[in-house]
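As a plain string of letters, each chain reads:
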Amino acid sequence: MLVQVIGFAAVSVKEGILAVFSTEVKPLRSREFVMDAGKSVKSALPTARVSWTIIKATRLPLRKRVPVSERDSSDFFHFTQHHLDTAAKLIELPDYVEAILSEPKNEVIVHFPVRMDDGSCRLFKGYRIQHNNLLGPFKGGLRFHASTCLDDLKALAMLMTVKCALLEIPFGGAKGGIKCDPHELSQPELQRLTRRFTHALGANIGPEYDIPAPDMGTNAQVMVWIMDTYMNTAGYGIRNQQQRVVTGKTLECGGSRGREKATSQGLVHCIAQWATDTGLDLEGKTALLQGYGNVGSHAAMILSRLGVSVVGVGDHTGYMLNHEGFNPHRLAEHVRGQGAVANYPKGERCSREEFFAAEADILIPAALHNQVGVEEACSLKVKLVAEGANGPVTPDGDEVLRDRGIHVIPDLLGNAGGVTVSYYEWVQNGRNEHWDLGKVEARLEKAMTSAYRRVDQFAKEHGCSMRTAAYARALERLRRVYKQRSIFP
Ligand code: NAD
């Protein structure tokens, strides 16, 4: 269907996507806008672009509404490249810096056998992707998940490089993991898997070289197994220096106070900044949480102290709504015991579609990437998407959110609290210090609010999204260091 639109004549269309062409902006640019059923072109356009004269609008097939099950991993890699590229163009990043950042420095892939409880032997595939170490040792989480693959980890490792640069932490970026379903493994199997993986990685990790941390499917216990295996195989050395090979450890084994909830605490600091800027009182507001693991459950508990109630939750086993608000502590207890939100008695089961369309003020994706595409972005009723997960919104989902005026706190800012407190842990281990919770929390709050302000200021000055601004800020820092070190004269 072709629709001719002159000026801002109100044209009602059925739900669909319109490609709108303009002659006013040079060079000629085309953009796509998602229309809600019955809305006019005028009301769907962002006010910032009202000076555009629309000369032609084309109804496009709904090809971009890709169901989540069909969004494949290589998409995620290309999506992060797309974000990098957009910011690189905006700040005129030298080609050589973009070229260096377009691929990881090292891709380590290992295969290793593990004895299972039934006596059989299974071969596992593990990865450590070291993206960049310009600013300091490689740093990033380890993911144990059935979907773990090379392309995803390359994207996640690159995100770590830009995240550390944005937060001004002296670390580079890395990510790793094992393709496995930890829910299917017993604790002894998980321990053998972790120790075998650490053996297989050998000298590819180290306290001054590459420092893993928890991510999806891993936790403080897994970090302690890695630390112990490393300390027993790396030869004699100063104990607290070897402890620094991983962060996110238990308190007793050298972990930092406040690390477990740090990612969620950092995200809530960003949400609080956004609320202050928009004049919104968080008391009495509601949130939807996708993922109720480390990031999701702590976010729910911290938000509840600010008067925000979680009215929808979901994980790999399904979704639930409770208009009265879930008790975040009881739900966390249930998930610890059962391994999932399914069968929690104080809520109504709902479909994934109903979850994303539920009435609430804030959505916090805290599970996998590629969860909010065009489909979900069209149905959301929230004012804010605060990304706890890495890469939860696809670029076309992002466009829809922007056109609908839904604010996004991007992953590399929103979930940076985790790596920030990991850095504090690494520093404490190195100095043999144990900071109290107040000191960790005060430093984290300062780091997160000042990063938020830097990103917000850039976004306002350049009229770009917070995501582009966050990438741009990080890339500017990397550019300065590459230039000063004359790495590519
Ligand atoms: P976790 O393993 O503790 O929890 C993951 C949650 O996601 C679980 O509730 C799980 O059921 C759910 N999930 C898994 N597959 C799903 C699916 N297909 N659909 C819906 N839900 C699904 O992991 P986490 O540490 O909370 O990490 C969550 C996200 O936050 C990840 O994207 C991770 O990269 C990101 N992140 C974590 C940290 C950290 O410190 N742990 C730091 C920065 C970013």
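Up top is the structure.
Since the structure is predicted, the reported quantities are computational estimates derived from the model, not experimental observations.

**Q** In this structure, what is going on with the sheet that holds strand 11 (residues 309–315)? I would like to understand it.
**A** Note on sheets: strands pair through backbone hydrogen bonds, and any given pair is parallel or antiparallel. With mixed pairing, 7 strands are arranged side by side in an open sheet as 13-12-11-10-14-15-16. At either margin of the open sheet sits one strand with a lone partner, and together these are strand 13 (348–350) and strand 16 (407–409). Strand-to-strand twist in this sheet, taken as the mean axis angle between neighbours without regard to direction, amounts to 20°. Of the pairings in the sheet, the one linking strand 14 (residues 362–365) to strand 15 (residues 384–386) comprises 2 bridges and is parallel in character. For Leu-363, the partnering residue across the bridge sits in strand 15 and is Val-385.

**Q** Please explain unusual backbone geometry as it appears in this structure.
**A** For residues besides glycine, phi is generally negative; the peptide bonds are generally trans as well. With phi around 50°, Glu-92 is a residue other than glycine that occupies positive phi space. Residue Glu-92 is classed as exposed on the basis of its relative accessible area, which comes to 67%. In this model, Asn-432 sits at a positive phi of 55°, which is unusual for a non-glycine residue. Positionally, Asn-432 belongs in the loop between helix 15 (417–431) and helix 16 (437–462).

**Q** Just checking my understanding: could you explain empty space enclosed by the protein for this structure?
**A** Rolling a probe over the atoms, with the probe sized like a water molecule, indicates the empty space that remains. Evaluation of the coordinates by the stated rule reveals 2 cavities of 30 Å³ or more. Size it by volume and the largest cavity reaches roughly 60 Å³. Around the largest cavity, the lining residues are Phe-76, Phe-79, Thr-80, His-83, Leu-159, Asn-370, Gly-391, Val-393, Asp-411, Arg-467 and Tyr-471. Looking at the lining of the largest cavity, the elements that each hand over two or more residues are helix 2 (73–90) and helix 17 (466–485). Looking at which element gives the most residues to the lining of the largest cavity, the answer is helix 2, with 4 residues. Grouping the amino acids of the lining of the largest cavity by side-chain chemistry returns 5 nonpolar, 4 polar and 2 charged. A volume near 30 Å³ is recorded for the second largest cavity. Residue assignment for the lining of the second largest cavity shows that the elements contributing at least two residues are helix 2 and helix 4 (150–167).

**Q** What exactly am I supposed to notice about the nonpolar core here?
**A** Generally speaking, nonpolar side chains in soluble globular proteins are found buried as a group. By size, the foremost hydrophobic cluster in this structure holds 89 residues, and its most contacted members are Ile-271, Ile-364 and Leu-475. Looking at which domains feed residues into this core, each of domain 2 (101–253) and domain 3 (262–416) gives three or more. If we ignore the near neighbours within four places in the chain, the residues touching Ile-364 are Leu-267, Ile-271, Leu-288, Leu-289, Gln-290, Ala-299, Leu-303, Ala-386 and Gly-388. Membership of the second largest hydrophobic core comes to 26 residues, among which are Val-110, Phe-112, Ile-178 and Val-224.

**Q** Would you mind going over the site of the ligand with me for this structure?
**A** The immediate surroundings of the ligand are formed by 23 residues, with Asp-215, Gly-217, Thr-263, His-316 and Ala-367 found nearest. One nitrogen or oxygen atom from the main chain of Tyr-292 is found 2.9 Å from an oxygen atom belonging to the ligand. Between the ligand and Gly-293 there is a distance of 3.3 Å, counted from an oxygen atom to a backbone nitrogen or oxygen. A total of 830 Å² of accessible area belongs to the ligand in isolation, and the protein chains cover 87% of it. Contributing elements (two or more residues each) for the shell around the ligand: strand 7 (138–145) and helix 9 (294–305). Looking at the shell around the ligand, you find at least three residues from each of domain 2 (101–253) and domain 3 (262–416).

Procedures and definitions
Residues numbered from 1 in each chain as written. Predicted model: local features only at pLDDT ≥ 70, side-chain atom pairs only at ≥ 80, totals over all residues. Heavy atoms only, no water. Pairing = 2+ DSSP bridges. Helix = DSSP H or I, 4+ residues; strand = E, 2+ residues; numbered from the N terminus. Axes fitted to C-alpha atoms, helices over the stretch in contact; angles between N-to-C directions. Buried < 20%, exposed > 50% of the residue type's maximum accessible area, 1.4 Å probe, protein only. 1 Å grid on protein atoms, 1.4 Å probe; cavity = no way out; pocket = protein on both sides within 12 Å on 5 of 7 lines; lining within 4 Å. Points joined across faces, edges and corners; volume = space filled by probe spheres on them. Nonpolar A, V, L, I, M, F, W, Y, C, P; charged D, E, K, R; others polar. Core = buried A, V, L, I, M, F, W, Y, C linked by side-chain atoms within 4.5 Å. Domains from an automatic or database assignment. Contact = heavy atoms within 4.5 Å. Near = heavy atom within 4 Å. Polar contact = N/O pair within 3.5 Å; in protein donor to acceptor, adjacent residues only side chain to side chain. Areas by Shrake-Rupley, 256 points an atom, 1.4 Å probe, with all protein chains shown as cover.

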